[in-house]
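Observations on chain architecture
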Amino acid sequence: MKIKKAVIPVAGKGTRFLPATKQIPKEMIPIINKPMIHYAVEEAILSGIEELVFVTSTGKTAIEDYFDRNLELENFLLKNGKEDYANLIKDIGTKIEIITVRQKEQLGLGHAINCAKHIIKDDAFAVILGDDLVLSEVPVTKQLMETSQANGGSSVIGVMEVPPSQTNKYGIIDGTLLKDSSKTYKMSKMIEKPEPEVAPTNLATPGRYILKQEIFEFLDKIPRGVGGEYQLTDAINMMAETNTVLAHVFDGDRFDTGSVNGYLNATVQFALRDPSLRETMLEICKRGIEEHG
Ligand code: UTP
């Protein structure tokens, strides 16, 4: 069955980006000239998603406004002969249906996803974390949708290989490769930040998921976990005890834009990959090395 909806949770406090996030939602901080969330929404659209559910919280209205139309600005741009810009901002506000639900208390990612339960009546849906950006030829959500469809519509977790010494920074999966596949595993469990000596694999789980409707049963059952929060990982682990959960190694480069270092890396890398900015960024880097290296 075609997956039409994606949940994008944006209710987190974004403490690693304070003081900016005192007033600006983390997801609205731009990488070059597009807010982070724009990339996640583009990925959803290019993957064929028709409806987005934003899980928001107090102080996040800028995100809703960003994806709405701004007729006053459109008219102003048109009047001043800036049709390209006018079309650009019109596009952002019209390309996809957006529904917002509130997470009234920030009780973790699992809790945030569960806030969308009454809207997701579909057999399966995608989850995209807006502070994990992936640059890839085929959008990563689409890659996971295709893996799900090729395997009877199972839940699929996006995974990427990380250096074995860094397993203690990520959720890591354990599992066995499916017959005739070099990239898709049957997941047995997910472990939060295992030390390299005990990590079962080096397959880490940045925020991309295809989840079957039944995840909500498990989200209802899990107790509070690490940090007193309802963890999506706990619900997926519980689901994997009785249901097929796959893990698929996606193609693409992932950037952790939820941390300041990752954000800086993404900004430089995105500029280097943009033909109109590449030379400028190389020049800045060269000068920086000469003066400070
Ligand atoms: P993070 O762990 O990055 O948390 O959440 P955060 O609050 O955004 O940032 P820090 O750690 O305080 O700096 C991963 C994703 O889950 C969402 C966040 O908005 C982010 O997209 N989230 C997290 C919620 O929607 N609700 C929550 O209760 C927790």
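Attention here is on the structure that accompanies the text. (Residues numbered from 1 in each chain as written. Predicted model: local features only at pLDDT ≥ 70, side-chain atom pairs only at ≥ 80, totals over all residues. Heavy atoms only, no water.)

As for the environment of Met 145
- Along the chain, Met 145 turns up in helix 6 (residues 140-150).
- For the pair formed by Met 145 and Ala 124, sequence separation is 21 residues and the distance between their alpha carbons is 9.7 Å.
- Those residues within four positions of Met 145 in sequence are excluded, and the remaining contacts are Ile 3, Ser 47, Ile 49 and Ile 210. (Helix = DSSP H or I, 4+ residues; strand = E, 2+ residues; numbered from the N terminus. Contact = heavy atoms within 4.5 Å.)

Regarding the side chain of Thr 233
- On the secondary structure map, Thr 233 appears in helix 8 (residues 232-242).
- Excluding residues within four positions of it along the chain, Thr 233 makes contact with Met 190 and Glu 192.

Quick look at the packing of aromatic side chains
- Per the stated rule, a full pass over the model turns up 6 aromatic pairs.
- Seen from their ring centres, Tyr 39 and Phe 270 are 5.1 Å apart, and the 85° between their planes marks the pair as edge-to-face. One end of the pair, Tyr 39, is in helix 1 (residues 36-46); the other, Phe 270, is in helix 9 (residues 260-272), with 231 residues separating them in the sequence.
- Given a relative accessible area of 17%, Tyr 39 falls into the buried group.
- Both rings, one in Phe 255 and one in Phe 270, keep their centres 5.4 Å apart while their planes meet at 75°; by these two values the pair is edge-to-face. Taken as a pair, Phe 255 in strand 14 (residues 253-256) and Phe 270 in helix 9 lie far apart in primary sequence, 15 residues in all.
- Using a relative accessible area of 5% as the deciding quantity, one classes Phe 255 as buried. (Phe/Tyr/Trp six-rings, centres within 6.5 Å; stacked < 30°, edge-to-face > 60°. Buried < 20%, exposed > 50% of the residue type's maximum accessible area, 1.4 Å probe, protein only.)

What about the site of the ligand?
- As a matter of local geometry, the ligand sits amid 17 residues, with Lys 13, Thr 15, Arg 16, Lys 26 and Gln 103 nearest to it.
- Backbone polar atom of Gly 108 to an oxygen atom of the ligand: 2.8 Å apart, as the coordinates give it.
- Out of a free accessible area of 560 Å², the ligand has 82% covered by protein chains.
- Looking at side-chain class alone, the shell around the ligand contains 6 nonpolar, 6 polar and 5 charged residues. (Near = heavy atom within 4 Å. Polar contact = N/O pair within 3.5 Å; in protein donor to acceptor, adjacent residues only side chain to side chain. Areas by Shrake-Rupley, 256 points an atom, 1.4 Å probe, with all protein chains shown as cover. Nonpolar A, V, L, I, M, F, W, Y, C, P; charged D, E, K, R; others polar.)

Regarding the environment of Cys 115
- Within the element layout of this structure, Cys 115 appears in the loop between helix 5 (109-114) and strand 6 (124-128).
- Placed 111 residues apart in sequence, Cys 115 and Val 226 show a C-alpha to C-alpha distance of 19 Å.
- Once residues within four sequence positions are removed from consideration, Cys 115 is found in contact with Val 55, Val 101, Arg 102 and Gln 103.

Thoughts on the pairing of strand 1 (residues 5-9)
- Burial analysis of strand 1 places 5 of its 5 residues in the buried class, which makes it a mostly covered element.
- Burial along strand 1 is two-sided: Lys 5, Val 7 and Pro 9 facing one way and Ala 6 and Ile 8 facing the other are all buried.
- Relative to strand 4 (residues 51-56), strand 1 runs parallel, the two being bridged by 5 bridges. Following the sheet pairing, Val 7 is matched in strand 4 by Val 53.
- As paired elements, strand 1 and strand 6 share 2 bridges and run parallel to each other. (Pairing = 2+ DSSP bridges.)

Some thoughts on the pattern of salt bridges
- For the structure on display, the rule yields 15 salt bridges.
- A salt bridge links Asp 131 to Lys 26; the shortest N-O distance between them is 2.6 Å. Taken together, the positions of Asp 131 in the loop between strand 6 and strand 7 (132-135) and Lys 26 in the loop between strand 1 and strand 2 (30-31) put the pair 105 residues apart, joining distant regions of the chain.
- Using a relative accessible area of 9% as the deciding quantity, one classes Lys 26 as buried.
- Taking the shortest distance from any N to any O, the salt bridge between Asp 251 and Lys 183 comes out at 2.5 Å. Here Asp 251 is found in the loop between strand 13 (245-249) and strand 14, whereas its partner Lys 183 is found in the loop between strand 9 (171-177) and strand 10 (184-192), with 68 residues between them in sequence.
- Given the relative accessible area of 45%, Asp 251 is considered partly exposed. (Salt bridge = Lys/Arg side-chain N within 4 Å of Asp/Glu carboxyl O.)

Just distances and angles here, no functional claims.
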